[in-house]
Amino acid sequence: MATAATTKAVRRPTLLLLRHVVRHLTSSPSSLTLGHALPEPDPDVSHPHHAPTTTTTTPHASLALQLDDHRQLFGSVPASKLLHASLVLQVAASEHLVDLGTRAMTSRLMDVEPFRRMVYGVVRRTFYEHFCAGETPSAARERVREVNRAGLRAMLDFAVEYTADNDACDRNLEGFLDTVDCAVSLPPSSVSFVVVKITAITPLSLLQRISDLLRWQQQQQSNPGSSSFRLPWHNPETSIPIFSKSTPLYHTSTQPPHLTPQELQDLHLARTRLHKLCLRCSQSGLPLMVDAEDTRLQPAIDFMTYTAAIEHNTTHTPVVYNTIQAYLKDAKERLVLATRSADEMGIAMGIKLVRGAYMSSERKLASELGVESPVHDTIGETHACYDDCARYMIDRVGSGSDGLVLASHNAESGRLAARKAREIGVGKWKGRLEFAQLYGMAESLSMGLKDAGFRVSKYMPFGPIDVVMPYLIRRAEENRGMLSTSALDRELMRKELKRRVKAAILRTSKGQE
């Protein structure tokens, strides 16, 4: 009896201590994402949605990026959210678990209602909640406000893609237009870009046909002995270049037939949809960012994007931004050709620079066809290409009216770009330069760049979970390496949780004295 009483006496204060610790850990305000305040709106008078306020004080910014202060970064995040984020990133960094989840989400069992509900339930409470901004514009609006309170901006992405018919494309256009309206309803500077995938407003089969025809046209122009091959809807002499001399054209080995009357009508409808979206963005003072695809489809994406840029970009303001993928061997050449062509046309060029998200499928296709992969052979070459393209574009931003988004989770690339931008006077208050990371990832890099005085956005996809599922699957399949780079965030999260546990225990112990 004495032993039992003693055990109970010891256990009771221990349980009370643990209860106090948990209560202390979960007492942080739930509305905060990270512990920083929203910076003043950017004085970019060319965009009315980004109009300046009377406050013009520039925050002090250090040349060095501070990426290791866990208390500054996660100090106001509730413990429950911190634990959830740490777990999700830990799972996402495990190739075995990612492979298992991907197989489940792409299996035939997804046609079985109970299994689909179970999978969706797990995904919704884990990856969807962590990497996505909600199912509706209203839900996304609330997540944007949380990001704003952290001092960051949002790139809103209605995450639909890969449509097969015009009716679906029309519905998707309405979703993108609603996204613009959602962005405009928020305070100025809350949203930096609206994102669109051309695959969502153009039937996939048509994009494949256009890409084949553009490649064949390029092959004929590169071979003086070939017969002339002209496309009535594309004149290379009055367009921004899509290909460079080193761009691989192996996808198209035989001459494809010209577009049928119905396909020409579908192309007209697709370009009309993009024009409507560009016009709404221009009228709302919000630039439109066009996401990249794999090399099977990218020629058609570039064709439509650059055509829209010629129409909507002005001498001083890029409304339409195209995406360059630096893991492709021809990335720098195509970037230089496109920007020089824009200079000749007298329009500002908008570019988002990424490393790329289709490495596995690109290498697999090239291997099956027995040709050289279009992707750099090593990650070091990809890093070098990215940094080279970034330097080139930062110089252009500093000396002209171009716009640049540096989308990267690589801390070294962030440091190099920040240093280069500072050297030539490009920063938050001068020039159209934006850093960007995916929502739910690379928080330390985002906040380090923000604290160094740069504009930083989080790429925030939203939409119903069944619509966003392809986005999540692609992130899982194509970005294992990138997901594994979350190690720094996971380490900082663990340090912050340990700090809180120690502080809670210390506070509770003092309270019992």
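This structure is a prediction, so every number in the text was calculated from the model and none was measured. (Residues numbered from 1 in each chain as written. Predicted model: local features only at pLDDT ≥ 70, side-chain atom pairs only at ≥ 80, totals over all residues. Heavy atoms only, no water.)

Engineer: So what's going on with the overall build of the protein? Residues and values would help.
Structural biologist: A tally of regular secondary structure across the protein gives 19 helices and 8 strands. In the protein, which comprises 513 residues, the proportion classed as buried is 53%. Long-range contacts, defined as pairs at least 24 residues apart, comprise 81% of the intrachain contacts of the protein with a sequence gap of at least 6. Surface accessibility of the protein: about 22900 Å² in total, with carbon and sulfur atoms responsible for 56%. (Helix = DSSP H or I, 4+ residues; strand = E, 2+ residues; numbered from the N terminus. Buried < 20%, exposed > 50% of the residue type's maximum accessible area, 1.4 Å probe, protein only. Contact = heavy atoms within 4.5 Å. Areas by Shrake-Rupley, 256 points an atom, 1.4 Å probe, with all protein chains shown as cover.)

Engineer: Summarise the side chain of Glu293; cite the residues concerned and give the values.
Structural biologist: Locating Glu293 in the fold gives a position in the loop between β3 (288–290) and α11 (298–312). Within polar-contact distance, the side chain of Glu293 engages the side chain of Thr199 at 3.5 Å. Residue contacts for Glu293: discarding those within four places in its chain leaves Tyr162, Lys197, Thr199, Gln298, Ile301, Gln325 and Tyr358. (Polar contact = N/O pair within 3.5 Å; in protein donor to acceptor, adjacent residues only side chain to side chain.)

Engineer: Describe helix α14 (residues 379–399), with residues and values.
Structural biologist: Between its terminal C-alpha atoms α14 stretches 30 Å, which fits the 30 Å expected from 21 residues at 1.5 Å a residue. On its buried face, α14 sits against α12 (331–345), β5 (350–354), β6 (403–407), α15 (411–423) and β7 (432–438). (Expected span 1.5 Å × (residues − 1).)

Engineer: Talk me through the nonpolar core; I want residue IDs and the actual numbers.
Structural biologist: Core analysis: the biggest nonpolar cluster contains 133 residues, and Trp233, Leu277 and Leu406 have the highest contact counts within it. Sequence-distant contacts of Leu406, that is, excluding residues within four places in its chain, are made with Leu353, Tyr386, Ala390, Ile394, Ala417, Leu433, Glu434, Phe435 and Ala436. One finds Leu328, Ala357, Tyr358 and Val375 within the second-largest nonpolar core, a separate group that totals 5 residues. (Core = buried A, V, L, I, M, F, W, Y, C linked by side-chain atoms within 4.5 Å.)

Engineer: Provide a residue-level description of the sheet that holds strand β4 (residues 320–325), including the pertinent values.
Structural biologist: Taken in spatial order, the 8 strands close into a barrel running β1-β2-β3-β4-β5-β6-β7-β8, and their pairing is parallel. Put simply, the sheet's adjacent strands are angled 30 degrees from each other on average, direction ignored. (Pairing = 2+ DSSP bridges. Axes fitted to C-alpha atoms, helices over the stretch in contact; angles between N-to-C directions.)

Engineer: Talk me through the packing of aromatic side chains; I want residue IDs and the actual numbers.
Structural biologist: The tally for this structure, following the rule as stated, stands at 6 aromatic pairs. Centroid distance Trp233 to Phe303: 5.3 Å. Interplanar angle 65 degrees. Geometry classified as edge-to-face. Here Trp233, found in the loop between α9 (204–222) and α10 (261–284), pairs with Phe303, found in helix α11; they are 70 residues apart in sequence, far enough to count as distant. Taking relative accessible area as the criterion, Phe303 reaches 3% and is therefore assigned buried. Three or more aromatic residues joined by ring pairs form one cluster here, namely Phe158, Phe176 and Phe462. The positively charged end of Arg355 is found above the aromatic ring belonging to Tyr386, 4.3 Å away from the centroid. (Phe/Tyr/Trp six-rings, centres within 6.5 Å; stacked < 30°, edge-to-face > 60°. Lys NZ or Arg CZ within 6 Å of the ring centre and 35° of its normal.)

Engineer: Pulling in residues and values, what's your account of the pattern of salt bridges?
Structural biologist: Evaluated as defined, the whole model comprises 29 salt bridges. Residue Asp388 pairs with Lys332 through a salt bridge whose shortest N-O separation is 3.1 Å. Of this pair, Asp388 sits in helix α14 while Lys332 sits in helix α12, and the two are 56 residues apart along the sequence. The class of Lys332 is partly exposed, set by a relative accessible area of 23%. Residues participating in the shared-partner salt-bridge network are Asp157, Lys197, Asp291 and Lys352. (Salt bridge = Lys/Arg side-chain N within 4 Å of Asp/Glu carboxyl O.)

Engineer: Which residues make up the side chain of Asn172, and what values do they have?
Structural biologist: Tracing the chain through its elements places Asn172 in helix α7 (residues 166–184). The residues touching Asn172, leaving out its near neighbours within four places in the chain, are Phe158, Val160, Thr163 and Ala200.

Engineer: Please give an account of the confidence of the model for the protein that cites residues and values.
Structural biologist: Of the residues in the protein, 83% have a pLDDT of 70 or more, and the chain-wide mean is 84. Scored below 50 in pLDDT, residues 1–32 makes 30 contacts in the model with residues more than four places away or belonging to other chains. A low-confidence stretch, residues 35–62 (pLDDT under 50), is modelled with 82 contacts involving residues beyond four sequence positions or located in other chains. (pLDDT = per-residue confidence, 0-100.)

Engineer: If you had to explain the packing of α12 against α14 to someone new, which residues and values would you point to?
Structural biologist: Direction vectors running N to C along α12 and α14 enclose 15 degrees, while the axes themselves pass 10 Å from each other. Classed by the angle they form, the pair α12 and α14 counts as roughly parallel. The element α12 and its partner α14 pack so that their crossing is right-handed. Judged by residue contacts, Ala331, Lys332, Leu335, Val336, Thr339, Arg340 and Asp343 of α12 engage Cys385, Asp388, Cys389, Tyr392, Met393 and Arg396 from α14. (Parallel < 35°, antiparallel > 145°, perpendicular 65-115°, else oblique. Left-handed = near helix turned anticlockwise from the far one by under 90°.)

Engineer: Before we move on, could you go through unusual backbone geometry and cite the residues and values that matter?
Structural biologist: For Ser189, which is not glycine, the phi dihedral falls at a positive 75 degrees. Here Ser189 lies in the loop between α7 and β2 (191–196).

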